[in-house]
Amino acid sequence: MSIRYKLIIVISAVILLTALPISLFLISRQEREDLRDIIARGEAMSKILSQSAMNIVLMNEGNIISSRIDGKEIMEILKPYVEQGMVYADTVLLSSSRDLNGTVLASLGKGAVSRGTSVKEGKISTKELAELLSGTAYREITDPHGAGRYLEMVSIAKLPEGTPFTIGRIIFSREDVLAPLREIRTTVVMIIIALVLFVAAVGFVFATYISRPIEKLISGVEKIEAGELRHEVDITGTDELGRLGISFNRMAKILDMKISELESMNRRLTHLDAIKDEFLANTSHELRTPINGIVGIAESLLEGAAGKLGEAALHNLSMIVKSGRRLTSLVNDILDLSRLKNHDIELVRKPVDLHAVVQVALLIVAPQSKLKGIAVENLIRSGDYIINGDEDRLQQILLNLVDNAVKFTDHGSITISATASGNDSPIAVLMVKDTGIGIPANRREAVFDSFVQADGTIARRFGGTGLGLSITKKLVELHGGTITLESEQGKGTTFRVALPIFEGDAPTEEGYMSGCFGGEAAAKDYAISLAPVTPPVTPIEGRGAMGLILVVDDELVNLQVMINHLGLAGYEVRVVKSGRDALELLDGGLAPDLVLLDIMMPVMTGFEVCRRIRQTKSLHELPVIMLTAKNSPLDIVTGFETGANDYISKPFDRQELLARVNSFVELKKSAEKKRKLIEYQKELSVAREIQSSILPTSFPRVPGIDIAVKYQPINAVGGDFYDFHILEDGRLGVIIADVAGHGMPASLIGAMLKIAFSMNNRHAGRPEEFLSSINRELCKHSNNHFITANYLLLDPATGGIVSSNAGHWHLPLLNRKTGDIRFIYNRSRPMGIYPNLGFSRFETTAEPGSRLLLFTDGIIEARNAAGELFGEKRFHTVLKDTRALPPDDCVAAIAATADEWSGLGRSFDDDVCLICLDI
């Protein structure tokens, strides 16, 4: 269908789907409004009729004839409603008299019988009367003769006592009421139909005008699609279609230019591809010389060319030989791929015994198959299948297939068999069947492409470049054969190679084996030289002072290189070949300082290993450095997203490796120190809580004594201690103590002192016995930490003071009126060292208004920048100068003076405790 017809249909449908439903909706809505209006008026008029009829009958004192005459006059007022659809109206008398009940007093209209009424001889039937009395004020009735539907409104007038007396009834024809709206509906439908026809006609003209340029555009597109890229669309005008035509012509020109550029680029790419192949071939040729030199010198050293070598040196040399041979194999594959692509390989065809070729391939892979415990069987008998082909290339085909089967088979067997088919051109179908991992269905075609493996992910279990099967396929096709495969994932793979059979005399197996690889013995030697080096990596003894490094890599050579570099730098090195082994070591308790992690590893990639490590270890707890040849931006970003700390690309510089390793090992150690510091801070917090619990939270209220305390530990916790208790006779007991040392140990001794202070309340009235008892308890647990203390009893009633001292400073007793100072002191030794130490008693009396100051040595031993002590003399001077201040201001002023004297920004060198008692 063309666009013009689609446009006409769409416009017509829009009109029909919008105008028609809206019009019908509005008309239906008006119908409902008209019906509600006529019903409301009918109900009102029926009430008027019933009330008027009742009033007429009552005014005429029940005279029916007079009431009928008067009722006709009332009916005259309803004549205008006939034009609005009213077809009948009446008033009916209700009476207990059977003769009068149902009498029609007045009526208006005709055909009442056909409209649902049954008026005979001026009365309505008893049945209809019962319906009128039991019905509602409004109902719809249907003409039993099918003449239409009617709206009946009924109203009943009642006497004051509630007895029904008259009925007023009005009947409207529904069709007559809605007749004007039906005419309007018909008119609207006709207008819409006319509008649709008009729009269709106009739309046809308009659509033709619009579609003509579009048809030109379609024609232009078809011509360009056919290849006429220089075709231009003839569309004129400044509207959207004209601009579209201009844009289309420009696009066609640009497309022509781009295609020309692509053709030029393709020619250049073809040229560059040829240059690349040439460069690849030349480079591969040039690589052979140094590789052969490396392998040859390493082999000669293994044979003792430079004298007897140690076991570690022999092992490292064997790894060099293995790596060199792997590189030689890769170079040969690249050369073959280049030659096959350039058609530079020419086959030297001759009869070749398939059995002998298979035997040589089995000899070469024998060490690897025995190492994996795989049974390899040649089911082809000698002389059964003679192939017309190139001996060396057939051997290469067989070796690639058998070596591939051994590589991808972990257990089970490998069988090589053959069948013959074809009559005119006989062929041998060689089958190499293994019980290995199989190939996924979506990868079976791709495995024959260059540089493609069945498992192309970085987590693949098996290495390789993906050239073997590609070269094999090209060599088979060069022989005029075909290669196919059948595989079931998890159960194995079967390769089928169809090769032409030689038609002539077959060579003997002995003759073939003598010419292949220089004979069977040479083939065995070659197999041994290709066997993988499996001894464990050799550690470097006597290392490990710098830290422990865990290296994860699936290549033994890489592991040995890392051991050599890191071991010589002083690190202890642990190596594993898979991510699972690494995670098992870490879960088993190994705590390395750093993990060097390869990305491309079998089964589990380095990304996954790093992600697992980060589930339990943060970036600082165990740094991880990714070490791999994959260095694309996406790989680097992925490494960091999985939790790696750094990324080093292979090949790497030894100095760079060691510098980064050193940095992250130091980072880990710094993080460990920070963790210990945080733990220490937590312990300090606990100690602070302990000390807060042993120091008084409030001071006792003793009449006649004002108390103020200033306590300031040097650290989060301190070793100074004080406490109060009130004896039964009203005396106040005060202890002040200074534990040797600072921080948590001093805080713990303070906690023990608090316990001892609380347990010996029975001796609180005798200071010397009180200190002796506390000393005995502390000596059991203080581990020779000495504590100086002074305990005194103060009687507020008499001013009497009883004191006992344990190596503490003498306490100043200040007369605030005169400024004189006396000292409370008796010589003795500190507590906590000798359990049977005795203490003496000192008694004195304080004058009213005296001030007693208990303190620890943090104040008097405060030093300034020059190292000078604050000393007792300055302390006593400040005490005198502040005697007019209240106790709280006194201790604050003393501490502030000592702090200011020590110098700006300095803090006390010891815990500070001041207790001021005003008597």
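Relevant structure appears above.
S.K.: Looking at this structure, I do not really get the overall build of the protein. What am I missing?
M.R.: A count of helical and extended segments in the protein gives 20 helices and 29 strands. Buried positions account for 44% of the 919 residues belonging to the protein. The contacts in the protein between residues at least 6 apart in sequence include a share of 68% that link residues at least 24 apart. Here the protein displays about 47900 Å² of accessible surface, and carbon together with sulfur accounts for 55% of that area.

S.K.: In this structure, what is going on with the environment of Ile56? I would like to understand it.
M.R.: Along the chain, Ile56 turns up in helix 1 (residues 3-59). Taking the C-alpha atoms as reference points, Ile56 and Leu105, 49 residues apart in sequence, are found 9.9 Å from one another. Beyond its immediate chain neighbours, meaning those up to four positions away, Ile56 contacts Ser67, Asp70, Gly71 and Ile74.

S.K.: How should the sheet that holds strand 9 (residues 375-378) be read in this particular structure?
M.R.: Strand pairing in a sheet takes place through backbone hydrogen bonds and is either antiparallel or parallel in direction. Ordered by their spatial adjacency, 5 strands build an open sheet running 9-11-12-14-13, and the pairing between neighbours is mixed. Of all strands in the sheet, those with a lone pairing partner are strand 9 and strand 13 (482-488), marking the two edges. Strand-to-strand twist across the sheet, computed as the mean angle between neighbouring axes with direction ignored, equals 15 degrees. Where helix 7 (residues 354-372) meets the sheet, its contacts fall on strand 9, strand 11 (413-421) and strand 12 (427-434), and the angle it forms with strand 9 comes to roughly 170 degrees.

S.K.: In this structure, what is going on with the packing of aromatic side chains? I would like to understand it.
M.R.: The way to describe two aromatic rings as a pair is by their centre distance and the angle between their planes. Following the criterion strictly, the structure yields 9 aromatic pairs and no others. Relative to Phe172, the ring of Tyr81 lies with its centre 6.5 Å away and its plane at 80 degrees, an arrangement referred to as edge-to-face. In this pair, Tyr81 is assigned in the loop between helix 2 (64-75) and strand 1 (86-93) and Phe172 in strand 7 (residues 164-173), connecting sequence segments 91 residues apart. Across this residue pair, the class does not change: Tyr81 and Phe172 are buried. Here Phe770 and Tyr791 contribute two aromatic rings whose centre-to-centre distance is 4.5 Å and whose plane-to-plane angle is 45 degrees, an arrangement assigned as tilted. Highlighted residues: Phe770 in helix 18 (residues 767-779) and Tyr791 in strand 23 (residues 787-794), separated in sequence by 21 residues. Each of the two residues, Phe770 as well as Tyr791, counts as buried. Grouped by ring-pair contacts, the aromatic residues Phe699, Tyr711, Tyr722 and Phe724 constitute a single cluster.

S.K.: When you look at the pattern of salt bridges in this model, what are you seeing that I'm missing?
M.R.: Pairing between side chains becomes possible if they bear opposite charge and their charged atoms approach one another. Applying the stated rule across the entire model yields 30 salt bridges. Salt-bridge contacts for Arg36 lead to Glu33; the nearest nitrogen and oxygen are separated by 2.3 Å. One end of the pair is Arg36 and the other is Glu33, both in helix 1 and 3 residues apart, which spans about a single turn. The partly exposed category is assigned to Glu33, whose relative accessible area is 36%.

S.K.: Looking at this structure, how should I read helix 18?
M.R.: Taking 1.5 Å per residue as the helical rise, helix 18 with its 13 residues ought to reach 18 Å, and the 18 Å between its terminal C-alpha atoms agrees with that figure. In terms of burial, helix 18 is a largely internal element, 10 of the 13 residues being buried. The set of residues buried in helix 18 consists of Pro767, Glu768, Phe770, Leu771, Ser772, Ser773, Ile774, Asn775, Leu778 and Cys779.

S.K.: When you look at the pairing of strand 17 (residues 594-597) in this model, what are you seeing that I'm missing?
M.R.: A regular strand places its side chains so that they alternate between the two faces of the sheet. Here strand 17 shows two buried faces, one formed by Leu594 and Leu596 and the other by Val595 and Leu597. The pairing of strand 15 (residues 547-552) with strand 17 spans 4 bridges and is parallel. Within strand 17, the residue paired with Leu550 across the bridge is Val595. Of the pairings in the sheet, the one linking strand 17 to strand 18 (residues 624-628) comprises 3 bridges and is parallel in character. Counted as the bridge partner of Leu597 is Met626 from strand 18.

S.K.: I keep staring at a nonpolar patch on the surface and nothing clicks. Help me out?
M.R.: Taken together, the side chains of Met265, Leu269, Leu272 and Ile275 present a nonpolar region at the surface, about 340 Å² in accessible area. Relative to the assigned elements, Met265 resides in helix 5 (residues 240-302). Residue classification places Met265 among the partly exposed positions, given a relative accessible area of 44%.

S.K.: What should I look at first to understand helix 19 (residues 871-881) in this one?
M.R.: Three- or four-residue spacings in an α-helix give side chains the same orientation, since the helix completes a turn every 3.6 residues. Looking only at helix 19, the buried set comprises Gly871, Phe875, His876, Val878 and Leu879. Looking at the buried positions of helix 19, the neighbouring elements they touch are strand 25 (811-815), strand 26 (821-824), strand 28 (850-855), helix 20 (887-902) and strand 29 (912-918).

S.K.: Explain the sheet that holds strand 5 (residues 138-142) here, please?
M.R.: In space, the 5 strands of this open sheet follow the order 2-1-7-6-5, with antiparallel pairing throughout. The open sheet has two edge strands with one neighbour each: strand 2 (104-109) and strand 5. If you compare each strand with its neighbour and ignore which way they point, the axes differ by 15 degrees on average. Pairing of strand 1 with strand 2 involves 5 bridges; the strand directions are antiparallel.

S.K.: Could you clarify how one ought to interpret the nonpolar core in this entry?
M.R.: Grouped burial of nonpolar side chains is what soluble globular proteins tend to show. Core analysis: the biggest nonpolar cluster contains 69 residues, and Met831 and Ile915 have the highest contact counts within it. When sequence neighbours within four positions are dropped, the list of residues in contact with Ile915 reads Ala708, Val709, Tyr722, Phe724, Val734, Ile736, Leu852, Leu853 and Leu854. Within the second largest apolar cluster, 41 residues are counted, among which are Ile364, Leu401, Leu430 and Phe448.

S.K.: Mind showing me how you'd approach the side chain of Ser578 here?
M.R.: In this fold, Ser578 is placed in the loop between strand 16 (571-576) and helix 13 (579-587). By relative accessible area, which is 16% here, Ser578 ends up buried.

S.K.: I tried to follow unusual backbone geometry on my own but got confused; where do I start?
M.R.: For residues other than glycine, phi is negative in most cases, and the peptide bonds are mostly trans. If you check the backbone angles, Glu61 has positive phi at about 55 degrees while not being a glycine. Structurally, Glu61 is set in the loop between helix 1 and helix 2.

S.K.: I'm lost on the environment of Ser155 in this one. Help?
M.R.: Inspection of the secondary structure puts Ser155 in strand 6 (residues 149-158). Note on Ser155: relative accessible area 10%, which makes it buried. When the C-alpha atoms of Ser155 and Glu43 are compared, they prove to be 7.1 Å apart, with 112 residues separating the residues in sequence. Among the polar contacts listed, one links the side chain of Ser155 to the side chain of Ser50, at a separation of 3.4 Å.

S.K.: What exactly am I supposed to notice about the packing of helix 7 against helix 8 (residues 391-407) here?
M.R.: Here helix 7 crosses helix 8 at 30 degrees, and the two axes come no closer than 9 Å. Judged by the inter-axis angle, helix 7 sits roughly parallel to helix 8. Of the two possible hands of crossing, helix 7 and helix 8 adopt the one that is right-handed. Contacts between helix 7 and helix 8 pair Leu354, Val357, Val358, Val360, Ala361, Leu362, Ile364, Val365, Gln368, Ser369 and Lys372 from the former with Leu394, Gln395, Leu398, Leu399, Val402, Asp403, Val406 and Lys407 from the latter. Here the contact of helix 7 with helix 8 is built from residues that sort into 13 nonpolar, 3 polar and 3 charged.

S.K.: Looking at this structure, I do not really get the pairing of strand 15. What am I missing?
M.R.: Among the 6 residues that make up strand 15, 6 are buried, leaving the element largely enclosed by the rest of the structure. The alternating pattern of strand 15 places Gly547, Ile549 and Val551 and Leu548, Leu550 and Val552 on opposite faces, both of which are buried. Where strand 15 lies against strand 16, 6 bridges are found, and the strand directions are parallel. When the sheet's bridge partners are listed, Leu548 is paired in strand 16 with Glu572. Taken together, strand 15, helix 12 (residues 556-568) and strand 16 form a β-α-β motif whose crossover is right-handed.

S.K.: Is there a simple way to explain the packing of helix 8 against helix 9 (residues 468-478) in this structure?
M.R.: Close contact between helix 8 and helix 9 brings their axes to 10 Å; oriented N to C, the two are set at 145 degrees. In this structure, the crossing between helix 8 and helix 9 has a hand that is left-handed. Within the contact between the two elements, helix 8 uses Arg393, Gln396, Ile397, Asn400, Leu401 and Asn404 and helix 9 uses Gly468, Leu469, Ile471, Thr472, Leu475 and Val476. Here the contact of helix 8 with helix 9 is built from residues that sort into 6 nonpolar, 5 polar and 1 charged.

Reading guide: rules and limits
- Residues numbered from 1 in each chain as written.
- Predicted model: local features only at pLDDT ≥ 70, side-chain atom pairs only at ≥ 80, totals over all residues.
- Heavy atoms only, no water.
- Helix = DSSP H or I, 4+ residues; strand = E, 2+ residues; numbered from the N terminus.
- Buried < 20%, exposed > 50% of the residue type's maximum accessible area, 1.4 Å probe, protein only.
- Contact = heavy atoms within 4.5 Å.
- Areas by Shrake-Rupley, 256 points an atom, 1.4 Å probe, with all protein chains shown as cover.
- Pairing = 2+ DSSP bridges.
- Axes fitted to C-alpha atoms, helices over the stretch in contact; angles between N-to-C directions.
- Phe/Tyr/Trp six-rings, centres within 6.5 Å; stacked < 30°, edge-to-face > 60°.
- Salt bridge = Lys/Arg side-chain N within 4 Å of Asp/Glu carboxyl O.
- Expected span 1.5 Å × (residues − 1).
- Patch = residues over 30% accessible without salt bridge, like charges linked within 9 Å, V, L, I, M, F, W, Y side chains within 5 Å.
- Core = buried A, V, L, I, M, F, W, Y, C linked by side-chain atoms within 4.5 Å.
- Polar contact = N/O pair within 3.5 Å; in protein donor to acceptor, adjacent residues only side chain to side chain.
- Parallel < 35°, antiparallel > 145°, perpendicular 65-115°, else oblique.
- Left-handed = near helix turned anticlockwise from the far one by under 90°.
- Nonpolar A, V, L, I, M, F, W, Y, C, P; charged D, E, K, R; others polar.
- Right-handed = clockwise from strand over helix to strand, strands pointing away.

So far we have only geometry, and geometry alone does not tell us how the molecule works.
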